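# Reading the structure
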Amino acid sequence: MAYRHKEDINLLHNVEGPVGSFDIFYSWVFKVGKHILIGVEVLVIIAFIFKIFLDSTYASVAHKSESLQSQLSSSSMVNKVNKISKYQQSINTITRLETFREKTGTTLYNILHLIPSGIVVSNVSLDINKFLISGTAVTYAQLQDLSNNFTNDSSQFSNVIIPQLTNSSLQSINNINFSLSANVINKQ
């Protein structure tokens, strides 16, 4: 004989649902609350395992950091850092000198090109940003031309001054000793 419904083999009476508030709470705790409690316990266990993993990772990183710090503060590392710093300073100095050498050649060419004929230059002093020319001129007109040449070339020189003018008693009366100073304009 084949049974068609599940109810056919149930010999017990149907159980009625809980009636009181305690019965409702009791039913909720054992049906829904146990799943929540199990979920919370699983989360606590996962958090505990994750904390152990993070603590071991942090301890490893802290140990490596302390080891690296002790290596960096060792005398051999300080010597290596000082050597590298000296090499870097040397390279920077060589670069500045090379740039200054190139700039000096161009600046000297421009200075000599602006000196009018008849003026004898006895001394040229060139710094990175300033130069000084000393020499002798035959007339004040030549000195004026010299000053005008440097003043008119405002793209390369600025603040052109002839602070010293003296008549030379050692040479002929017409010779005038002078010094001219000017600032070199830096072109980057």
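None of these values were measured; they are calculated from a predicted model. (Residues numbered from 1 in each chain as written. Predicted model: local features only at pLDDT ≥ 70, side-chain atom pairs only at ≥ 80, totals over all residues. Heavy atoms only, no water.)

### Focus: the packing of aromatic side chains
Our working definition: Planes of paired rings set the category: under 30 degrees apart is stacked, over 60 is edge-to-face and the rest tilted, where pairs are Phe, Tyr or Trp rings (Trp by its six-membered ring) whose centres lie within 6.5 Å.
All chains considered together, the criterion is met by two aromatic pairs. What links up through ring pairs into an aromatic cluster is the set Phe22, Tyr26 and Phe30.

### Some remarks on the nonpolar core
Rules: Take the buried residues of types Ala, Val, Leu, Ile, Met, Phe, Trp, Tyr and Cys, join any two whose side-chain atoms come within 4.5 Å, and each joined set is a nonpolar core. Exposure is judged per residue with a 1.4 Å probe applied to protein chains only, and the accessible area is read against the type maximum: over 50% gives exposed, under 20% gives buried, and values in between give partly exposed. Each helix is a run of DSSP H or I of at least 4 residues and each strand a run of E of at least 2, with the numbering of both proceeding from the N terminus. The contact rule is simple, with two residues in contact once any of their heavy atoms fall within 4.5 Å.
Among the nonpolar cores identified, the biggest contains 17 residues, and Phe131, Ile133, Leu146, Phe150, Phe178 and Leu180 are the most heavily contacted of them. For this core, the secondary structure elements donating two or more residues are helix 2 (75–114), strand 2 (130–137), helix 3 (140–152), strand 3 (157–167) and strand 4 (176–184). At five residues, strand 4 tops the list of elements feeding residues into this core. Ignoring anything within four residues of it in the chain, the contact list for phenylalanine 150 reads Ile111, Leu114, Phe131, Ile133, Phe157, Val160 and Leu180.

### Quick look at helix 3
The condition is simple: Residue count minus one, scaled by 1.5 Å, sets the expected span of a helix. The arc in question is formed by the directions pointing from the helix axis toward the C-beta atoms.
For helix 3, with 13 residues, the first-to-last C-alpha span of 18 Å sits near the 18 Å given by 1.5 Å per residue. Among all positions in helix 3, only Gln142, Leu143, Leu146, Ser147 and Phe150 are buried. The buried residues of helix 3 all sit within an arc of 140 degrees when viewed along its axis, so they share a single face.

### Re the pattern of salt bridges
Definition in use: The rule for a salt bridge is simple: a side-chain nitrogen of Lys or Arg has to be within 4 Å of a carboxyl oxygen of Asp or Glu.
Overall, the coordinates contain one salt bridge when judged by the stated rule. The partner of lysine 51 in a salt bridge is aspartate 55, and the shortest N-O contact between them spans 2.7 Å. Note that lysine 51 and aspartate 55 are positioned in helix 1 (residues 21–72) at a spacing of four residues, about one turn of the helix. Accessibility expressed as a relative area gives 41% for aspartate 55, which makes it partly exposed.

### Observations regarding the confidence of the model for the chain
Just so we agree on the cut-off: Note: pLDDT gives the predictor's confidence per residue, expressed from 0 to 100.
Averaged over all residues, the pLDDT of the chain equals 80, while 80% of them reach at least 70. Per-element averaging of pLDDT across the chain places strand 3 at the bottom with 72 and helix 1 at the top with 90.

### Remarks on a nonpolar patch on the surface
Under the convention used in this document: Any residue with relative accessible area above 30% and no salt bridge may belong to a patch, with like charges joined within 9 Å and the nonpolar Val, Leu, Ile, Met, Phe, Trp and Tyr side chains within 5 Å. In this description, accessible areas are obtained by the Shrake-Rupley approach with a 1.4 Å probe, and a residue is regarded as covered only by the protein chains that are shown.
A surface patch of nonpolar side chains, about 960 Å² in accessible area, is lined by Phe22, Phe25, Tyr26, Trp28, Phe30, Val32, Ile36, Val40 and Val44. Judged by relative accessible area, valine 44 falls into the exposed class, the value being 53%.

### Digging into the pairing of strand 2
In plain terms, the rule: Should DSSP find at least two bridges between two strands, the strands are taken to pair.
For strand 2, the buried fraction is high: six of the eight residues fall into the buried class. Examined bridge by bridge, strand 1 (residues 120–126) and strand 2 share six bridges and lie antiparallel to one another. From the neighbouring strand, asparagine 123 faces strand 2, where its bridge partner is serine 134. Of the pairings in the sheet, the one linking strand 2 to strand 4 comprises eight bridges and is antiparallel in character.

### Considering the environment of isoleucine 133
With respect to the helices and strands, isoleucine 133 occurs in strand 2. Given the relative accessible area of 1%, isoleucine 133 is considered buried. On a C-alpha basis, the gap between isoleucine 133 and valine 121 in space is 7.0 Å, while along the polypeptide they are twelve residues apart. Those residues in contact with isoleucine 133 that sit more than four places away from it in its chain are Ile111, Ile115, Val121, Asn123, Phe150, Phe178, Ser179 and Leu180.

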